[in-house]
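Topology and contacts: notes
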Amino acid sequence: MTISAWEPPHLNAAIVGAAITPVGIWPEETSVGLAATALTEALADSGLEKSQLDGYVWNLGRPSGEDYDAVVAALGLKARFVAQFWTHGRFTGSALLTAATAVTMGLADYVVCLGGVKRKTGGGPAASAFGEAPYGDVARYGMTSFIHDAAMAFQSYLAITGADRDRLADVVLAARDHAVSNELAWLRTPLSIDEYNASPLAADPLRLLDCFPFGANGSPQNDYGACVIVARGDLAQQLDREPVHIVAGQGVQASREEAYFGLPGLGIFGQTTEEFAPTDWDLSAFQRAGLTAADVDIFFTYDAFAPLVWMALERFGHCPPGEASKWVTRDRIGPGGTLPVNTNGGLLSQGHTAGWGHMVELTKQLRGEAGGRQVENAAVAQWGAVFGDSLLFTKSDHRSDG
Amino acid sequence: VSPEQEFWEHVAAGNVLFQRCTACGVLRSAPRAACHNCLSREAAWEKAPVSGKVKSFFVVNQAIATTLEVPYTVVHIDFGDAVRLTANLLGDGPPPSVGMPAKLVIGERDGVPLPQFERTTP
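Residues numbered from 1 in each chain as written. Chains lettered and ligands numbered in written order. Predicted model: local features only at pLDDT ≥ 70, side-chain atom pairs only at ≥ 80, totals over all residues. Heavy atoms only, no water.

Right, let's get into the overall build of chain A. Scanning chain A from N- to C-terminus turns up 13 helices and 10 strands. Relative to the 2.2 N^0.38 estimate, which gives 21 Å for 402 residues, the radius of gyration of chain A is 20 Å and therefore close to what a compact globule would have. Seen along its three principal axes, the alpha-carbon backbone of chain A occupies a region of about 55 × 50 × 45 Å. Taking all 402 residues of chain A together, the buried fraction comes to 62%. Once local pairs closer than 6 in sequence are excluded, the contacts in chain A between residues at least 24 apart make up 76%. Just so you have it, chain A exposes about 14500 Å², and 52% of that area is on carbon and sulfur atoms. Here chain A contributes 27 positive and 45 negative side-chain charges, whose respective centroids are spaced 4 Å apart. (Helix = DSSP H or I, 4+ residues; strand = E, 2+ residues; numbered from the N terminus. Rg over C-alpha atoms; globule rule 2.2 N^0.38 Å. Buried < 20%, exposed > 50% of the residue type's maximum accessible area, 1.4 Å probe, protein only. Contact = heavy atoms within 4.5 Å. Areas by Shrake-Rupley, 256 points an atom, 1.4 Å probe, with all protein chains shown as cover. Lys, Arg positive; Asp, Glu negative; His and termini not counted. Charge placed at Lys NZ, Arg CZ, Asp CG, Glu CD.)

Here's what the structure looks like:
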């Protein structure tokens, strides 16, 4: 008996419908109502009937929205496969990857990633001084928000890399440049470098404009509903719409070295990593897809904080480790750039959609339906977050696995 | 009592103590119920190091869900061997910088003692 080397199976999944409501503060709306609107639009986008959906995956249950059972019951869905992740933008990529895995394995035919997010005011800091929350809020010392974790990680990054903090302006300005032409974005007013430089250092070294638009409690304050429908590859081919293939993915990484709002080593609980470089784990989705960073036409990333864009570009090899501050320019990652980043405007300007706004946008881009934001000849898109998760998407005629 | 409760009982008595794993000898700053290195449940408390260096810091100029008066500074201090503690930097002086020495003291907030840091005067 010969034992052959194990090869991971290919994903056989595609996005066949996607929609997001306008992002903003909608006092009259409920999370279920926002979800209903997004679902209706995504079904129309896909050409599917609601009754064809048979799987449900989501990451933003209570307290951001409703848990899976409430959404499924309220909207009359029927699912033979459900999964719900921790309520955090960190798990947006993993939710979509789980949907893709489920249809590949035949656990369901059409998995809907669906929810409405209705932000509530209030909520207070954790009481612990040692951060039972994984990203280590230390409330009694005034480290009360993940904004502070991001500020701490960024300061450490600046010290290790010698990066010029002021270069971060280009990340924020490029995001806004993209958002200006996205009618679904919340912050669409053009932004100047002078306005950026006048933005208060709310948590020095982070300016207010370096952060997603947050409320008084440090949490996202905008509402939205989002829906992404994932189908098995052969079923996707039977629909009229051009499918967007999910060709490979990898999950969020976790260890004592992970910092959650920074690259590994930049957290506050005794991390030892001093110099970051991409690992085999960071590049495994590329490897499985037979693609490299150079093949990516548009890069999408979790950008609740502008430094996370620098760090994610480094994590997936789009620029050399420690060099992102020099590599990134407003032109390079902005509209018409050689590597446009978050063409929806990102969390920084579209508003905090946890990444679902990015997923809807990449679907439009790879279908060639992004209007004034369309990236010419866009064939490969990556979702790659500082948390280590990555998904690779290709347009229909660019399937790499044959 | 949980390790964290025990930590605060020691602080109330005027001592900042860290756990050292009695099985593998690793010192840990955040009090935990098991050793992250060898999983041993056994640990002994010992006096925390006093001198460290600023590994990172930030300055809060806009209060978020806190009654602390802004601006205030949060420092992450490295004692060596990946033993670290996060607290406020007390006292006046120039803004901190990464690598700057600092010393552990017991301060208080609302009448409750807690570990804090001060600049080290040369």
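Before going further, it helps to examine the pattern of salt bridges. Residue and element names in this part refer to chain A. Applying the stated criterion across every chain yields a total of 20 salt bridges over all chains. Measuring nitrogen to oxygen at the nearest pair gives 3.0 Å for the salt bridge that ties arginine 367 to aspartate 45. Taken together, the residues arginine 367 in helix α13 (residues 356-367) and aspartate 45 in helix α1 (residues 31-46) connect sequence positions 322 residues apart. Classification of aspartate 45 by relative accessible area gives buried; the value is 15%. Across the pair arginine 232 and aspartate 109 runs a salt bridge whose closest N-O atoms are separated by 3.0 Å. Here arginine 232, found in strand β6 (residues 224-232), pairs with aspartate 109, found in the loop between α3 (92-104) and β4 (110-117); they are 123 residues apart in sequence, far enough to count as distant. Members of the salt-bridge network, linked through shared partners, are Asp54, Arg80, Asp109, Arg232 and Asp234. (Salt bridge = Lys/Arg side-chain N within 4 Å of Asp/Glu carboxyl O.)

The next subject is the confidence of the model for chain A. Close inspection of predicted coordinates is inappropriate for parts of the model with low pLDDT. Residue and element names in this part refer to chain A. In this model, chain A carries a mean pLDDT of 92, and residues with pLDDT of at least 70 account for 94%. Taken element by element, the predicted model of chain A shows its lowest mean pLDDT in helix α4 (residues 146-161) (95) and its highest in strand β8 (residues 298-300) (99). Within the model, the stretch residues 131-136 combines pLDDT values under 50 with 20 contacts to residues more than four positions away or in other chains. (pLDDT = per-residue confidence, 0-100.)

To continue, consider helix α5 (residues 169-179) of chain A. Because each turn of an α-helix spans 3.6 residues, side chains separated by three or four positions end up pointing in the same direction. All names here are of chain A. Judged by how many residues are buried, α5 sits mostly within the fold: 10 of 11 residues are covered. Buried within α5 we find Ala169, Asp170, Val171, Val172, Leu173, Ala174, Ala175, Arg176, His178 and Ala179. In this structure, the buried residues of α5 make contact with α6 (193-198), α9 (307-315), α11 (330-333) and α12 (346-349).

So, on to the sheet that holds strand β10 (residues 390-394) of chain A. In any sheet, the strands associate via hydrogen bonds between backbone groups, in a parallel or an antiparallel arrangement. Residue and element names in this part refer to chain A. Read from one edge to the other, the open sheet built from nine strands follows the order β3-β2-β4-β6-β1-β7-β10-β9-β8, with strand pairing classed as mixed. Here the strands that pair on one side only, and so sit at the sheet edges, are β3 (81-84) and β8. In this sheet, adjacent strand axes meet at a mean angle of 25° when their direction is disregarded. One ladder, built from five bridges, connects strand β7 (residues 244-250) with β10; its direction is antiparallel. The partner of histidine 245 across the bridge, within β10, is threonine 394. Packed onto the sheet, α13 meets β1 (13-20), β2 (55-58), β4, β6, β7, β8, β9 (380-384) and β10 and runs at close to 115° relative to β1. (Pairing = 2+ DSSP bridges. Axes fitted to C-alpha atoms, helices over the stretch in contact; angles between N-to-C directions.)

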